[in-house]
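Coordinate inspection notes
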Amino acid sequence: MQTSKVGIAIAGGLLLLAVGGAVLMQPHKGEAGDNLWMGSRETVGPQGNGRTVLPVNQTISPAGKQVELRNMRPQALALSPDGKMLITSGKTNELLAIDPQNGAILQRVTLPSEKNKPDVPVSDHILEPDKNGQLSFTGLLFSPDGTKIYLSNVNGSIKIFGVENGKITPQLSLALPETKLAQRKAEIPAGLALSGDGKTLYVCANLSNGLLEMDAQSGKVLRRMETGALPYDVLLLNGKAYVSNWGGRVADDKSTTGPAGRGTVVRVDPIRHIASEGSLSIIDLKSGTAQEILTGKHASALALSPDKKHLVVANAGEDTLSVLDTRTDKIVETVSLREDDLFGSSPNALAFSTDGQRLFVALGTRNCVTQIAFRAGRCRVMGKIPTGWFPGALAYDENRKMLHVANIKGVGSGHPVASGAPIKYNTHQYFGTLSLIPLPNAEQLAHYSGVVDWNTRRAMTNVAKLEARPNQPPRPIPQRVGEPSVFKHVVYIIKENRTYDQVLGDIKEGNGDASLCIFGENITPNQHKIAREFTLLDNTYCSGILSADGHQWADTGFATDYMERSFAGFPRSYPDGMSDSDVDAMAYSPTGFIWDNVLKHGKTVRDYGEFTIEEAGWMDGNRKGKPTFKEYYDDFLKGGKETKISCRPAIESLRAHIKTDTVGWNMRVPDVVRAAKFIEELKAFEKSGEMPNFTIICLPNDHTSGTSPGMPTPAAHVADNDLAMGRIVEAVSHSKFWKETCIFAIEDDPQNGWDHVSGYRTTAYVVSPYTKRKAVVSTQYNQPALLHTMELILGLPPMNMMDAIATPLYDCFSDAPDFTPFDAVPNNVPLDQLNPAPRALADPVQKRYAEISAKLPLDKIDACPDDLLNRILWTNRKGSKAPYPARYVSLVKDKEDDD
């Protein structure tokens, strides 16, 4: 057991947190007065003694033995009937067999290939070079006699393995029937169940909303039965199949619906347009008829009590469990696992003890397993056991009195636990883990519960809920929700895909590595000037790793169970919210987006591109082809007579609040055009005297287009982004609203980039008259911290547990204002500096990368291998002879490297 000793102390009436004898978090005491908020200067990553700091305001110190699963996100777990073998799968190209006693890896088993029909690619978004690897939401089990293993593969098949004398061998792959959907034909199998004799296999058809009854040997589909939306798990009992439905009931003509990926829809609430249901289908296997019972949102894992009298449903989007009496098929209890009235537990996996007296529940976003004294109608939480990051599968081991836990995110990307292997700092080298935990006694469980509460900063949720005090003076950031702020307006800029060292690593005052800086001051003079004139943040992090979860963290401060499991190839959608195929109501936090919070509390919103779908082209509809970046840019300089840009909402809640003549994602449209659209409307606001309380702006071009011929060079694309940001800050600071406005900016994700501290570390900016001038702030912040700060300024309660526990940016502000405006500086790199054709390049490496860039789908978000794109950027900026900083990034080989 590697759990650190955690303690608290009182200093001047304020809480202190100490771990292992060192004070790691301490209260802020600034010009705004004493403050109960605790902040840390630790960097994200492993800290020793089994303790790891996560980029989501949490730490982990898992109980039991930790098994590293490098380059894997384990999402399913099964213990063999004889208890001798623990198997796991997830985002990997193999099945792993592990000794459940000591965690030794017994066998790595390659996947059986499909003889007649190869698995189809699951997504346009390439996150690993091998698209035909095993990718699973869930669905892994042994046959009753332990001689076979069945595994769901979201590529559209069931993988079957044989087990003999303790050895696993791949046998065959069963292709599932194709769907009738236009956008994807391959089915997405999820939960599995076998008949008692092992001859019939039941498969949740997650994409087409059905349950398949199949011959377990031949794969022949015997029958298809309809279920609710997005069936997730299945259990069999007394001639019935119980199926949990992630998306609730299938929508009818009277339903308010939203997209759920690949052309499917799901029921949503009519205000925020976020998935609003979960359900349980109970199917009579003799007649095929079914009844459906509403549960909580995101109904996921199922567990049957050993006496078979009760079935439990984990409602990950509701923080509840539904307990069903299988004799009456009625819900007899709803168990709340929400703490402090804040959403954020994400119960998503279940396991009963053999005697049925204890139920174990994986709480994904609390990084623990909660132990429940199970007695239907009177269930009681006994305590919590710390695990790795986002536990997502459980297996109870009666023989060893142990609990086995699959931690989907493990210790965070790229950080080993105990192997002593060199640390990788990038965010795509996954390090999932298994926790093998001896069952704790009452005293240990009480201790563990305290560890979990401190690791998840539970004390801070109570601080976040303190009532506003009367007669408080206006402060830059109020100490409590509802107390006055000096600010009336917030501007929130979301950029795309840079780490701190890549941009600001050359600022000597901060914790940077200049050798890793490729977009330094010559290319980003405005961001450098902002960091120097205001506050340099050198310990701020993205909470996600790519655009799909990055925009969720940036806009909701949360990533759901559906989002975390979607890393299995993103078979349903890639929910970054920037194209028709990438909007998915299932991926969004049930508590909503920041703009929902603003609108709910009577404030005003204006959106410039975030979560919108672009519509752009020529004014003349008969003109062929799409405008190039240079054509957009030249036309912009001439007044915009030939090209047009517009957008529509990716989510209906934004329809009344978007500026429709701007655009979100489209790398051909210059960011300076986006900035101009904002500035144009800002001037109109000045004339009317009214500016929205909350403004959100998408500035994506620092993503770059690699060295694609005809597109801006990486330096030009980033310079465009920099100038756009400088002009926005200049315009606000010279406006009549400057005295009451605060600007925040951060990247959506770090794009698997290199950074000497952490691949999660990113650039962030805070600009206002009350921002400290010429300061360096190394307090640990992240996207939820920015959201929490904006909420306090606007008088909004936190949306969920994750923004509630985030440290507001108090250390960035002073009570004494400096109203000196910011003046943007001109770009040093021409914005229309374009990548040459490959034939014009003399350097053979750069020529080859230019040829590769020409083939990459760089017009789509994250649609090319990040490691490859980063190598292209490094070589372009540093030259082909500069050694690639492999220590800080993934060494996974890309397919294109074989060309």
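Structural data are supplied above this passage.
Presented here is an overview of the structure given in this document. (Residues numbered from 1 in each chain as written. Predicted model: local features only at pLDDT ≥ 70, side-chain atom pairs only at ≥ 80, totals over all residues. Heavy atoms only, no water.)

Side note on helix 8 (residues 629-638)
Quick reminder of the rule: Three labels apply to residues, based on accessible area from a 1.4 Å probe with only protein chains included: buried if under 20% of the type maximum, exposed if over 50%, partly exposed otherwise in between. A run of H or I in DSSP becomes a helix once it reaches four residues, and a run of E becomes a strand once it reaches two; helices and strands are each numbered from the N terminus. Arc definition: directions from the helix axis to the C-beta atoms.
Among all positions of helix 8, only F629, Y632, Y633 and D635 are buried. Viewed along the axis of helix 8, the buried residues span an arc of 165 degrees, placing them on a single side of the element. Exposed and oriented more than 90 degrees from the buried face of helix 8 are L637 and K638. Positive backbone phi, at 110 degrees, marks G639, one or two positions downstream of helix 8.

Some words on unusual backbone geometry
Phi angles above zero are rare outside glycine, and N57 is one such case at about 70 degrees. With respect to the element layout, N57 can be found in the loop between strand 6 (51-53) and strand 7 (59-60). Judged by its relative accessible area of 6%, N57 falls in the buried class.

Details of the layout of surface pockets
The line we're drawing: Only protein atoms enter the 1 Å grid, on which a cavity is a set of points fitting a 1.4 Å probe that cannot get out and a pocket is an open set with protein on both sides within 12 Å along at least 5 of 7 lines, lining residues being those with an atom within 4 Å of a point. Grid points are joined across faces, edges and corners, and a volume is the space filled by probe spheres set on the points. Here the nonpolar group is Ala, Val, Leu, Ile, Met, Phe, Trp, Tyr, Cys and Pro; Asp, Glu, Lys and Arg are the charged ones; every other residue, Gly included, is treated as polar.
Considering only enclosed or pocket space, the largest pocket measures out at about 1600 Å³ in volume. Looking at the largest pocket, it is lined by 48 residues, and the ones nearest its centre are L77, L140, L141, L235 and L394. Listed by contribution, the elements that provide at least two residues to the lining of the largest pocket are strand 9 (74-79), strand 13 (140-142), strand 17 (189-194), strand 21 (231-237), strand 27 (299-304), strand 31 (347-352) and strand 35 (389-397). At six residues, strand 35 tops the list of elements feeding residues into the lining of the largest pocket. Looking at side-chain class alone, the lining of the largest pocket contains 29 nonpolar, 13 polar and six charged residues.

Concerning the nonpolar core
Definition in use: Definition of nonpolar core: a set of buried residues of the types Ala, Val, Leu, Ile, Met, Phe, Trp, Tyr and Cys, connected through side-chain atoms within 4.5 Å. Only heavy atoms enter the contact rule, under which two residues are in contact if any of them lie within 4.5 Å.
With 108 residues, the main nonpolar core has Y492, W595, F694, F744, L809 and F813 as its most contacted residues. Sort the elements by how many residues they give to this core and helix 11 (residues 783-794) lands first, with seven residues. F744 has contacts with V490, V491, Y492, I493, Y765, V766, L786, T789, M790, I793, L809 and F813, leaving out every residue within four places of it along the chain. In terms of nonpolar packing, the next biggest core, distinct from the first, is built from 60 residues, V491, A675, I728 and L831 among them.

Brief notes about the pattern of salt bridges
Counted only if it meets this: Whenever a carboxyl oxygen of Asp or Glu lies within 4 Å of a side-chain nitrogen of Lys or Arg, that contact is scored as a salt bridge.
Scanning all chains against the criterion turns up 45 salt bridges. Notably, a salt bridge pairs E339 with K384, separated by 2.7 Å at the nearest N-O pair. Of the two residues, E339 is situated in the loop between strand 30 (330-336) and strand 31 and K384 in strand 34 (residues 380-386); the sequence distance between them amounts to 45 residues. Taking relative accessible area as the criterion, E339 reaches 12% and is therefore assigned buried. Here K465 and D341 are joined by a salt bridge, their closest N and O atoms 3.9 Å apart. Residue K465 is found in the loop between helix 2 (458-464) and strand 38 (489-495), and its partner D341 is found in the loop between strand 30 and strand 31; the two are separated by 124 residues along the sequence. We classify K465 as partly exposed; its relative accessible area is 40%. Counted as one network, the salt bridges with shared partners bring together E339, D340, R366, K384, D453 and R458.

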